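One letter stands for each residue in the lines below.
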Amino acid sequence: RICIPGTGTVPCPGGTLYTVRSGDTLNAISRRTGVPLDQLLAANPQIKNPDMISVGQQICIPGRG
């Protein structure tokens, strides 16, 4: 499945959708969730620049199974 820009729809089978809050960075989300940054990026191909995420953006936190 594909992320549909502008709809907030992010596929996340086996994971959890997370809504970015003020002050969040992918690095901080990675540390907080225990999911390595490379796995976080792989689960979110819609993120073209890992240094630029937006408040309200939904990202997939993959399961650690």
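Structure shown above.
Residues numbered from 1 in each chain as written. Predicted model: local features only at pLDDT ≥ 70, side-chain atom pairs only at ≥ 80, totals over all residues. Heavy atoms only, no water.

(A) Structural view of the overall build of the chain. Looking only at helices and strands, the chain has 2 helices and 2 strands in total. Along its sequence from the N terminus, the chain presents helices and strands in the succession β-α-α-β. The buried share among the 65 residues of the chain stands at 29%. Looking at the chain alone, contacts between residues at least 24 apart form 59% of all its contacts between residues at least 6 apart. Carbon and sulfur atoms provide 55% of the accessible area of the chain, an area that totals close to 4,300 Å². (Helix = DSSP H or I, 4+ residues; strand = E, 2+ residues; numbered from the N terminus. Buried < 20%, exposed > 50% of the residue type's maximum accessible area, 1.4 Å probe, protein only. Contact = heavy atoms within 4.5 Å. Areas by Shrake-Rupley, 256 points an atom, 1.4 Å probe, with all protein chains shown as cover.)

(B) Geometry of the environment of Pro36. Mapped onto the secondary structure, Pro36 falls in the loop between helix H1 (26–33) and helix H2 (37–42). Each C-alpha atom of the pair Pro36 and Leu26 lies 9.9 Å from the other, and the pair is 10 residues apart in sequence.

(C) Geometry of the state of the cysteines. Scanning all chains against the criterion turns up 1 disulfide. Bridging Cys12 to Cys60, the disulfide has an S-S length of 2.0 Å. Handedness here is read from the sign of the S-S torsion; for Cys12 and Cys60, about 75 degrees, the answer is right-handed. Taken together, the positions of Cys12 in the segment before strand E1 (16–19) and Cys60 in strand E2 (residues 58–61) put the pair 48 residues apart, joining distant regions of the chain. Of the residues examined, Cys60 reaches a relative accessible area of 4% and is grouped as buried. (Disulfide = S-S within 2.5 Å.)

(D) Summary view of the side chain of Asn44. Looking at the secondary structure, you find Asn44 in the loop between H2 and E2. Taking relative accessible area as the criterion, Asn44 reaches 1% and is therefore assigned buried. Among the polar contacts listed, one links the side chain of Asn44 to the backbone oxygen of Leu40, at a separation of 2.7 Å. At 2.7 Å, the side chain of Asn44 and the backbone nitrogen of Cys60 are in polar contact. (Polar contact = N/O pair within 3.5 Å; in protein donor to acceptor, adjacent residues only side chain to side chain.)

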